[in-house]
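Summary of structural features
If you want the building blocks of each chain, they are given just below.
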Amino acid sequence: MIAPNANASSARVKWDSLDWELIETMVKQLQMRIAKAIRGSKYRKAKSLQWLLTHSYYAKLMAVRRVTQNRGNKTPGVDKIVWKTPTQKLNAVTQLNRRGYKTLPLRRIYIPKNGDNRKLRPISIPPMKCRAMQALHLLALEPIAETIVDKNSYGFRPNRSCADAIEQCFITLARKSSAQWVLEGDIKSCFNTISHRWLYDNIPMDKMILKQWLESGYIEDQQLKATLEGVGQGSVISPTLLNLTLRGLEAAIIAATKPKYKVHVVFYADDFVVTGATREILEVTVKPLITDFLKERGLELSEEKTLITHINNGFDFLGHNVRKYKQKLLIKPAKKGIKSFLKNIRGVIKTKATVKTEELIQILNPKIRGWANFYKHVVSKAIFSQVDHEIFKAIGKWVKRRHPNKSWKWINKKYFCKIEHDNWVFNAGLQASQGRYQLLRLFSASSVAIKRHIKIRSEATPYDPKYNEYFEKRWARVKLQPFI
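Residues numbered from 1 in each chain as written. Predicted model: local features only at pLDDT ≥ 70, side-chain atom pairs only at ≥ 80, totals over all residues. Heavy atoms only, no water.

Looking only at helices and strands, one finds 18 helices and 14 strands in the chain. Compactness check: the chain gives a C-alpha radius of gyration of 25 Å against a globular reference of 23 Å for 484 residues, within 12% of the reference. Each principal axis of the C-alpha atoms in the chain carries an extent, and together these give about 75 × 70 × 50 Å. Counting the 484 residues in the chain, one finds 48% classified as buried. Here the analysis covers contacts within the chain between residues at least 6 apart in sequence; of these, 68% occur between residues at least 24 apart. Taken as a whole, the chain presents about 26,100 Å² of accessible surface, with 52% of it coming from carbon and sulfur. (Helix = DSSP H or I, 4+ residues; strand = E, 2+ residues; numbered from the N terminus. Rg over C-alpha atoms; globule rule 2.2 N^0.38 Å. Buried < 20%, exposed > 50% of the residue type's maximum accessible area, 1.4 Å probe, protein only. Contact = heavy atoms within 4.5 Å. Areas by Shrake-Rupley, 256 points an atom, 1.4 Å probe, with all protein chains shown as cover.)

Shown next as structure tokens:
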């Protein structure tokens, strides 16, 4: 293990040759002890272990690695600093100290909301040092969160995904005897309105550090503006703070209703659904309870997005449409999501009018593959074929614009080839890849096999040793699945 004062000349060798397996093991041991203390209601011991972890050199290494490897690692905060070199990363590790720490304001930017340029979502970007401090304290907070948050909460949690939430919807709604009514819940401006006082009083972490993050303010139009409520959407620790804020809502709803009303809750961050046997139980009992629960935390339901729907009419949740057709529950990609995806693909094709064929394919393939893999667990086969057809038509317009005077026979020979029963496979010919030549072709959504997702156990947590074998078998099964 390298020392904190490693010199710059050896930094590259030492950073690149760190024993990350050992580092992760040592940090995981402390995290397991924190979770065990919480399960045993030994809160003072858990707090002491959190202090030990946030002062651990191993944990600081992991925190720096996380913020320098994630998607935003090239995006600076207000100080315009990014950590790229091994020297910078090692120096950063030595800076993650509680004593003398002073958070800097966030950098506020706006991005399109759900792909709609007319609606903008505020994103707050902390400086790299603050990101790393958040990642460090998240290592100490996550074991507690995973131990106490609601079992059917699936957003922004380790080993859980959107597919788990959708599968839980299927489990609770698929039978003939299942609940017929669904409350579609959406919390208004969730990240931006959480009560600071509630967070300070209820989040089990270093209060001095938390207070600085909550009151850091943000820079917009070169002016410092105060943050009086909410947490920065875009911060490393914010999703876990949100999950802890909503902790207990599921238990409160279940406790207020009887089993005969078939009330079940599925959460994914600030989106959730609650099932019920009757419309009245959701409207008279569940919705007011949720309203009061959220109000205590500075939150409120979005009235225009919170609806009560019969399962035969269906509802959209996490980009999926859930609906019963003659007592048979089918979950499909939502029409809105399909439309948005195709709009994005057509936009890319149109703006890349002059690029080489191989470049266009290399841009499109990850988008198509990622979208298809997201929906491969539901009823998507027919929709995949429709999407492929629409993309093919957009590609047809692309090649025709490039060669307006050429016949389709000429275009077919130049841009397309035959593979099995498909005579129109858009391709860029043979390309060198890993020492051999392969045909570079446009990825087909239809080539993705439909495979039902096996939902994680609601109570399973990676910080409880009794689930070690379960997770080992689960990951072994995932690794055996073919990579598309």
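Moving on to the sheet that holds strand β3 (residues 181-186). The four strands are arranged β6-β7-β3-β8 in an open sheet whose pairing can be described as antiparallel. Lying at the two open borders of the sheet, with one neighbouring strand each, are β6 (264-268) and β8 (307-310). On average, each strand axis in the sheet is inclined to that of its neighbour by 20°, with strand direction left out of account. The strands touched by helix α13 (residues 279-296) are β3, β7 (271-276) and β8; relative to β7, the strand with the most contacts, the crossing angle is about 140°. (Pairing = 2+ DSSP bridges. Axes fitted to C-alpha atoms, helices over the stretch in contact; angles between N-to-C directions.)

Moving on to the sheet that holds strand β13 (residues 422-433). If you trace the three strands from one edge of the open sheet to the other, you get β12-β13-β14, paired in antiparallel fashion. Lying at the two open borders of the sheet, with one neighbouring strand each, are β12 (416-419) and β14 (436-441). Averaged over all pairs of adjacent strands, the angle between strand axes in this sheet comes to 55°, irrespective of strand direction. The strands touched by helix α15 (residues 357-374) are β13 and β14; relative to β13, the strand with the most contacts, the crossing angle is about 100°. The strands that helix α16 (residues 381-402) touches are β12 and β13; relative to β13, the one it contacts most, it runs at about 70°.

Our focus in this paragraph is the pairing of β6. Pairing between β6 and β7: five bridges, direction antiparallel. Within the sheet, the bridge partner assigned to V265 lies in β7 and is V274.

Moving on to the layout of surface pockets. Approximately 510 Å³ is the volume attributed to the second largest pocket. Residue lining of the second largest pocket: 21 residues in total, with Q50, I144, I203, P204 and M205 positioned closest to the centre. Secondary-structure elements contributing two or more residues to the lining of the second largest pocket are α3 (43-54), α6 (128-148) and α9 (196-202). Per-element tally for the lining of the second largest pocket: the top contributor is α3, with six residues. When the residues that make up the lining of the second largest pocket are grouped by side-chain class, the tally is 12 nonpolar, four polar and five charged. (1 Å grid on protein atoms, 1.4 Å probe; cavity = no way out; pocket = protein on both sides within 12 Å on 5 of 7 lines; lining within 4 Å. Points joined across faces, edges and corners; volume = space filled by probe spheres on them. Nonpolar A, V, L, I, M, F, W, Y, C, P; charged D, E, K, R; others polar.)

Here we take up helix α14 (residues 335-351). End to end, α14 covers 24 Å across 17 residues, agreeing with the expected 24 Å (1.5 Å per residue, within 8%). Those residues of α14 lying buried are I338, F341, L342, I345, V348 and I349. The buried residues of α14 occupy an angular sector of 120° when projected down its axis, which confines them to one face. When the buried face of α14 is taken as reference, the exposed residues oriented beyond 90 degrees from it are K336, K339, K343, K350 and T351. At its buried positions, α14 is contacted by β11 (328-333), α15 and α16. (Expected span 1.5 Å × (residues − 1). Arc of directions from axis to C-beta.)

Inspection of every chain in the model, using the stated rule, returns 15 salt bridges. Taking the shortest distance from any N to any O, the salt bridge between R452 and E167 comes out at 2.7 Å. Note that R452 is positioned in the loop between β14 and α18 (468-480) and E167 in helix α7 (residues 162-173), a separation of 285 residues in sequence. We classify E167 as buried; its relative accessible area is 10%. A salt bridge links E469 to K473; the nearest nitrogen and oxygen atoms lie 3.2 Å apart. You can see E469 and its partner K473 sitting in helix α18, four residues apart, about one turn around the helix. Just as E469 is exposed, K473 falls in that class too. A cluster of three or more residues bridged by salt bridges with shared partners is formed by R346, E390 and K393. (Salt bridge = Lys/Arg side-chain N within 4 Å of Asp/Glu carboxyl O.)

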